[in-house]
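Observations on chain architecture
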Amino acid sequence: MDRNPSPPPPGRDKEEEEEVAGGDCIGSTVYSKHWLFGVLSGLIQVWKLAPRVGCPYIPQAPGLRLWRILLPREPPSPQRPLPRRALRDLAPCVSPAAADPKTIWAPSGSLDTKGSIMIVSPENTKSSSDDEEQLTELDEEMENEICRVWDMSMDEDVALFLQEFNAPDIFMGVLAKSKCPRLREICVGILGNMACFQEICVSISSDKNLGQVLLHCLYDSDPPTLLETSRLLLTCLSQAEVASVWVERIQEHPAIYDSICFIMSSSTNVDLLVKVGEVVDKLFDLDEKLMLEWVRNGAAQPLDQPQEESEEQPVFRLVPCILEAAKQVRSENPEWLDVYMHILQLLTTVDDGIQAIVHCPDTGKDIWNLLFDLVCHEFCQSDDPPIILQEQKTVLASVFSVLSAIYASQTEQEYLKIEKVDLPLIDSLIRVLQNMEQCQKKPENSAESNTEETKRTDLTQDDFHLKILKDILCEFLSNIFQALTKETVAQGVKEGQLSKQKCSSAFQNLLPFYSPVVEDFIKILREVDKALADDLEKNFPSLKVQT
């Protein structure tokens, strides 16, 4: 009776194939070195064929070491899949190819004009005009392959492998010579992913030529390229070891200021505006000298200006640009305003920054109106649950801090003289303080607070931010109380902004640090409503003793 034969024992050839397959993997991943070399080889060909596009530095071709390891390009093997990841599910990688691999942002028209790629293969280009067109477009197959590398570069093993074989030099060459927006975006995006790892970030930052090429990308007119460049800069600025290197380089390139101001004042791409804002915020936080230089830019009077015009207020370019960006961001999602509110808050920490805001009448009024509207009609409203304060505490701290600085430094401005300003602000300030009291109450059920060690850290951090917010609110509220007139107090009592409950909440937070302010307020209140003043004195005996 015949039986099925046993399978033959594994031969030497199969064992060798498995060893070769294992040796082709990048680190502990299943990505193929052989395939990646092919993609890099294709990029080098693009680099060699492209003309210079005005970048201040063009690197030389890669050394023999890289050329010797580059292998002919071939698709990845089925055993080593390279999945196309979804755009929003990927971190730190951002690869828009997954969303629409045939869409780029064209630099024509405005910063935010979209255009579609026309797939043109090199074999079909005949005329010089066709050659020129090809230089700004990317072959579909190459785009897909480079996008896979972009996705792969979020893996540390892949990023280290790219660094080991001088891939940043290839990307630098492409950025220095290529006119293709999509290709430039991808190359900067890959470098941005690689910079997320400290060792590579230090290496990229120490390369002066690469740094110059990357800063030159800030002069680009393509929003996705600008977005990826900003992301890369923010990553490097967030690394303490190399942050000072990038600050110094930016100081050496004054044109970067103009480019950033142009983006903030003219772009409608909110993702780009938020990322550029984060870069500016980080720069100002790291270097006050740079912040002062940027604040003063555009404020100097031209030497040939007529005498009669020299008395006009100087134009501060930075603040109006920040305002325009904030308005655009708010139109899509007010919750993304945090970064621009913090930039304004940083400006109010120096005299020149405050003057840049309040001495530009139109800009100062627009900023006041924007922030006033945010606290009175947008954030932490009466129909919001008190817990919303946990989400909005940082942006509220910035907004109220800027409002307080403007209110205290320029009370003669017309937009601050309107009596309607004080009472709505008092109402908003007290409402936030009341919500803060709710948030800081301990849970009644102690069984719910058992998993304590991790929660305690979060609560400590929350308490820290809430304490900062409380200090800002109390200082601002005390300044408003000092400016209240008898007529305004009477109106507040009548309309409910200065009811017994709200006054009690205000006193509870203002005392004992602002006792003189509260005492003066009680004196005015007694003239308006003696019964209310007496009730408040009963609840706060220290006031009765001193009045």
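Here we look at the overall build of the protein chain
Across its full length, the protein chain carries 28 helices and 2 strands. Restricting to contacts in the protein chain with at least 6 residues of sequence separation, those with at least 24 account for 75%. Carbon and sulfur atoms make up 50% of the accessible area of the protein chain, which totals about 27200 Å².

Looking at unusual backbone geometry
In the segment running from L511 into P512, the intervening peptide bond is cis, with an omega of 5°. Here P512 lies in the loop between α25 (500–510) and α26 (515–528). Although it is not a glycine, N166 adopts a positive phi angle of roughly 60°. Here N166 shows up in the loop between α6 (156–164) and α7 (167–177). One non-glycine residue with positive phi stands out, namely C380, at about 50°. By secondary structure assignment, the location of C380 is in the loop between α19 (361–377) and α20 (388–409). A residue is classified by how much of its surface remains accessible, and C380, at 1% relative accessible area, is buried.

Re the confidence of the model for the protein chain
Of all residues in the protein chain, 69% attain a pLDDT of 70 or more, and the chain-wide mean is 77. Scored below 50 in pLDDT, residues 56–132 shows 164 contacts in the model against residues more than four places distant or in partner chains. Note on residues 300–311: pLDDT is under 50 here. Beyond four places in sequence and across chains, it has 4 contacts.

Focus: helix α24 (residues 486–495)
Every buried residue of α24 is accounted for by T488, V489 and G492. The buried residues of α24 occupy an angular sector of 100° when the element is viewed end-on, so they sit on one face. Of the exposed residues in α24, the ones pointing more than 90 degrees away from its buried face are E487 and K494. In this structure, the buried side of α24 is in contact with α22 (422–439) and α26. Of the residues one or two after α24, G496 is the one with positive phi, at around 105°.

Quick notes on the pattern of salt bridges
Taken as a whole and judged by the stated rule, the model has 15 salt bridges. One salt bridge connects K275 with E278, and the closest N-O pair in it is separated by 3.1 Å. Of this pair, K275 and E278 both sit in helix α14 (residues 270–286), 3 residues apart, roughly one helical turn. We note a salt bridge from D534 to K530, for which the minimum N-O separation is 3.1 Å. On the criterion of helical spacing, the pair formed by D534 and K530 is a turn pair, its members being 4 residues apart in helix α27 (residues 530–539).

A look at the packing of aromatic side chains
In this structure the tally under the stated criterion is 12 aromatic pairs. Measuring from ring centre to ring centre gives 5.6 Å for F507 and F540, while their planes differ by 70°; the resulting arrangement is edge-to-face. With F507 in helix α25 and F540 in the loop between α27 and α28 (541–546), this pair connects stretches of sequence that are 33 residues apart. By the burial criterion, F507 is buried, and F540 matches it. One aromatic cluster is present, formed by W368, F372, F400, Y407 and F476 through successive ring pairs. The ring of W246 has R249 sitting right over it, with the charged end atom 4.8 Å from the ring centre.

Criteria and thresholds
- Starting from 1, residues in each chain are numbered consecutively following that chain's sequence as written.
- The predicted nature of this model means local features are confined to residues of pLDDT at least 70 and side-chain atom pairs, given and counted, to a pLDDT of 80 or more, with totals for whole chains, interfaces and linings taken over all residues.
- The basis for the side-chain values is all heavy atoms of the structure; hydrogens and waters are excluded.
- Strands are runs of DSSP state E lasting at least 2 residues, helices are runs of H or I lasting at least 4, and numbering of each runs from the N terminus.
- Residue contacts are defined here by distance: any two heavy atoms, one from each residue, within 4.5 Å place the two residues in contact.
- Accessible surface area values rest on a Shrake-Rupley calculation with a 1.4 Å probe, where residue burial reflects the displayed protein chains alone.
- Relative accessibility under 20% of the residue-type maximum defines a buried residue, over 50% an exposed one, and the middle range a partly exposed one, all with a 1.4 Å probe and only protein chains included.
- For every residue, the predictor states its confidence as a pLDDT score lying anywhere from 0 to 100.
- Starting at the helix axis, one direction is taken to each C-beta atom, and the arc is that of these directions.
- Between Lys or Arg on one side and Asp or Glu on the other, a salt bridge is scored when a side-chain nitrogen of the former is within 4 Å of a carboxyl oxygen of the latter.
- Pairing of aromatic rings covers Phe, Tyr and Trp, the last through its six-membered ring, and needs centres within 6.5 Å; plane angles under 30 degrees mean stacked, over 60 mean edge-to-face, and all others mean tilted.
- We count a charge as sitting over a ring when the NZ of a lysine or the CZ of an arginine lies within 6 Å of the ring centre and within 35 degrees of the ring normal.

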